[in-house]
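# An overview of the molecular structure
One-letter residues, chain by chain:
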Amino acid sequence: MDALAQALLDGAGPEQIARLEVPAEFTAAHTLAEDVGMFKDVADKDVRKSLHVGKVPMPELAPDEVLVAVMASSVNYNTVWSGTFEPVSTFDFLRNYGRQGPWEARHDQPFHVLGSDAAGVIVRVGAGVRRWKLGDHVLVSPVQADDQEPATHADGMHGAQQRAWGYETNFGGLAHYTVVRASQLIPKPAHLSWEEAASTPACAGTAYRMLVSDRGARMKQGDVVLVWGAAGGLGAYAVQIVRNGGGTAVGVVSSEEKARMLRRLGCDVVINREEIGIGRDVSDDPDSVIEAGKRLGRIIRRETGQDPNIVFEYVGQATFGISMFVLRRGGSIVTCGSSTGYNHRYDNRYLWMKLKRVIGSHAGNLQEMWESNALVDAGRIVPALSTVYPLAEIGEAARLVQENRHFGKVGVLCLAPEQGLGVTDPAKRARLGADRLNLMGD
């Protein structure tokens with residue numbers, strides 16, 4: 001471990017942080033451009049073979065950027081996409097980004113440092129950074145927006161140059177250090193450990209935009225919300241946001257073990273996919289989709305008295321046709337991904353004749369990220385962290401997510417040597433209840 005990192009773990013303040021040199025290279029989880037074709041014609045694209053951990057060079061900071069010493073991160077599904085080089089190689093993103101100018105050119109490297117979550121300590125700030133200082137404990141929004149683009153000032157997600165940090169950019173959060181724009185920073189909740197806090201920004205912020213924001217489904221009290229993949233990272237936060245907002249959460253999971261975990265989280269109605277006769281893949285046959293939808297709809301009406309107002313979708317191809325069928329007249333499907341495939345097939349009559357809506361959503365703008373973080377800070381949303389790996393075992397951590405064997409979020413310790421560090425307000429933690437912060441843990 002370098003001297004700066006060790007000093008941070010020993011409790012260094014801003015003055016000492018400023019005196020210590022930033023290392024010339026750092027440890028990071030990354031993919032290599034030379035590996036892009038390694039999974040051609042391979043059925044099992046095992047990310048343990050493509051994710052490497054080793055030294056990479058430290059980049060120079062742009063004026064609007066900060067350097068964060070990463071104490072903990074977490075695995076998002078985009079890490080799996082990066083590791084399989086699908087649906088496109090992320091090196092294509094880096095090459096295109098690198099053509100835009102000298103600062104952007106830093107990202108076009110033969111390696112790609114991954115990760116779209118991070119919790120850590122600011123150790124350097126660019127000349128143009130005003131609101132943050134050395135030693136601040138921060139989280140990182142997964143969205144990199146261009147503040148000189150007009151659309152950004154209406155909604156950061158509408159800017160053409162908006163990018164997923166650590167997926168469409170280099171120097172992400174699964175590393176000892178990460179480079180982020182100051183416009184990505186969020187204050188870390190003081191009652192959470194590093195790994196707990198790192199599990200919240202990407203998924204909680206995404207679920208918040210999808211459900212609560214004016215740009216999402218605009219959930220209101222009393223709404224019944226169907227959440228597919230409810231025991232996963234996105235789903236576990238969606239369930240909490242629904243309950244916190246006075247809605248009824250109906251969660252669908254793939255096993256009885258996940259059903260038990262979801263009940264611990266407080267989901268109102270929990271449905272095992274086996275009850276409705278569907279697995280991870282659903283036939284494209286329209287009759288099969290309708291029959292599965294009828295089975296699901298009967299259960300939802302039996303338990304809640306009505307059809308769902310909102311369907312929270314990120315599973316995609318395997319579930320979208322059923323979602324369109326079970327959604328009530330005038331209801332909304334809000335979708336942010338397609339983990340089982342992007343080519344959705346559904347009967348369009350149910351969309352137009354029953355006045356339903358499909359809303360595309362992606363991550364969240366900085367205001368939405370701060371608003372969702374305020375719910376975490378108040379204890380209304382708790383971390384969906386289930387297990388934690390060291391950075392050296394990122395391949396195993398990502399493989400767990402790739403095979404859908406995880407609950408909630410899979411955390412990764414970066415500079416933090418052990419779990420439980422980073423809590424700076426233990427009194428608040430005790431008041432909120434430490435056990436309640438570990439509902440999905442072992």
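Below you will find a few notes about this structure. All values derive from a computational prediction rather than experimental measurement. (Residues numbered from 1 in each chain as written. Predicted model: local features only at pLDDT ≥ 70, side-chain atom pairs only at ≥ 80, totals over all residues. Heavy atoms only, no water.)

The next point concerns the packing of helix α7 (residues 201-211) against helix α13 (residues 366-377). Axis separation between α7 and α13 bottoms out at 9 Å; the angle between their running directions is 105 degrees. As summarised for this structure, α7 and α13 are arranged roughly perpendicular, according to the angle between their axes. Contacts between α7 and α13 involve P201, A204, G205, T206, Y208 and R209 from the first element and E368, M369, E371, S372 and L375 from the second. Considered class by class, the residues forming the contact of α7 with α13 number five nonpolar, three polar and three charged. (Axes fitted to C-alpha atoms, helices over the stretch in contact; angles between N-to-C directions. Helix = DSSP H or I, 4+ residues; strand = E, 2+ residues; numbered from the N terminus. Parallel < 35°, antiparallel > 145°, perpendicular 65-115°, else oblique. Contact = heavy atoms within 4.5 Å. Nonpolar A, V, L, I, M, F, W, Y, C, P; charged D, E, K, R; others polar.)

Along the chain, F39 falls in the loop between β1 (25-32) and β2 (52-57). Here F39 falls in the buried class, since its relative accessible area comes to 5%. Sequence-wise, F39 and G83 are 44 residues apart; in three dimensions their C-alpha atoms are separated by 10.0 Å. Excluding anything up to four places from it in sequence, F39 contacts D44, K45, D46, K49, S50, G83, T84 and F85. (Buried < 20%, exposed > 50% of the residue type's maximum accessible area, 1.4 Å probe, protein only.)

Our next topic: the sheet that holds strand β4 (residues 111-113). Read from one edge to the other, the open sheet built from three strands follows the order β2-β1-β4, with strand pairing classed as antiparallel. For this open sheet the edge positions go to β2 and β4, each flanked by a neighbour on one side alone. Ignoring strand direction, the axes of neighbouring strands in this sheet form an average angle of 65 degrees. Note that β1 and β4 share three bridges and pair antiparallel. The residue of β4 that forms the bridge with H30 is V113. (Pairing = 2+ DSSP bridges.)

Moving on to the sheet that holds strand β12 (residues 248-253). As summarised here, the arrangement of the six strands in space is β13-β12-β11-β14-β15-β16, forming an open sheet in which the pairing is parallel. Every other strand in the sheet has two partners, leaving β13 (269-272) and β16 (357-360) as the edge strands with one partner each. Strand after strand, the sheet turns through a mean of 20 degrees between neighbouring axes, direction not considered. When strand β14 (residues 310-313) meets strand β15 (residues 332-335), the two strands line up parallel, connected through four bridges. When the bridges of β15 are listed, V311 appears paired with I333. Taken strand by strand, α7 contacts β11 (224-228), β14 and β15, and its axis lies near 150 degrees from that of β14.

To continue, consider unusual backbone geometry. Negative phi values dominate among residues other than glycine, just as trans dominates among peptide bonds. Backbone torsion omega between E86 and P87 reads 0 degrees, so that peptide bond is classified as cis. Topologically, P87 is positioned in the loop between α3 (77-84) and α4 (90-98). If you check the backbone angles, F85 has positive phi at about 60 degrees while not being a glycine. The residue F85 is located in the loop between α3 and α4 in this model. Non-glycine residue F171 carries a positive phi angle of around 60 degrees. Along the polypeptide, F171 turns up in the loop between β8 (163-164) and β9 (177-181).

Judged by nonpolar contacts, the single largest core of 106 residues is most densely connected at Y177 and F312. Here this core gets eight residues from one element, more than from any other, and that element is strand β3 (residues 65-75). In contact with F312, not counting residues within four places along its chain, are A207, M210, L211, V225, L226, V227, W228, L234, A238 and V334. Core analysis: the second largest hydrophobic core is formed by 27 residues, V224, F325, V326 and L327 among them. (Core = buried A, V, L, I, M, F, W, Y, C linked by side-chain atoms within 4.5 Å.)

At a minimum axis separation of 8 Å, α7 and helix α8 (residues 233-244) run at an interaxial angle of 50 degrees. On the basis of their axis angle, the class for α7 and α8 is oblique. In this structure, α7 meets α8 at a crossing whose hand is right-handed. Residues C203, A204, T206, A207, Y208 and L211 of α7 form the contact with α8, whose own contacting residues are G233, L234, Y237, A238, I241 and V242. Residues that form the contact of α7 with α8 fall into these classes: 10 nonpolar, two polar and no charged. (Left-handed = near helix turned anticlockwise from the far one by under 90°.)

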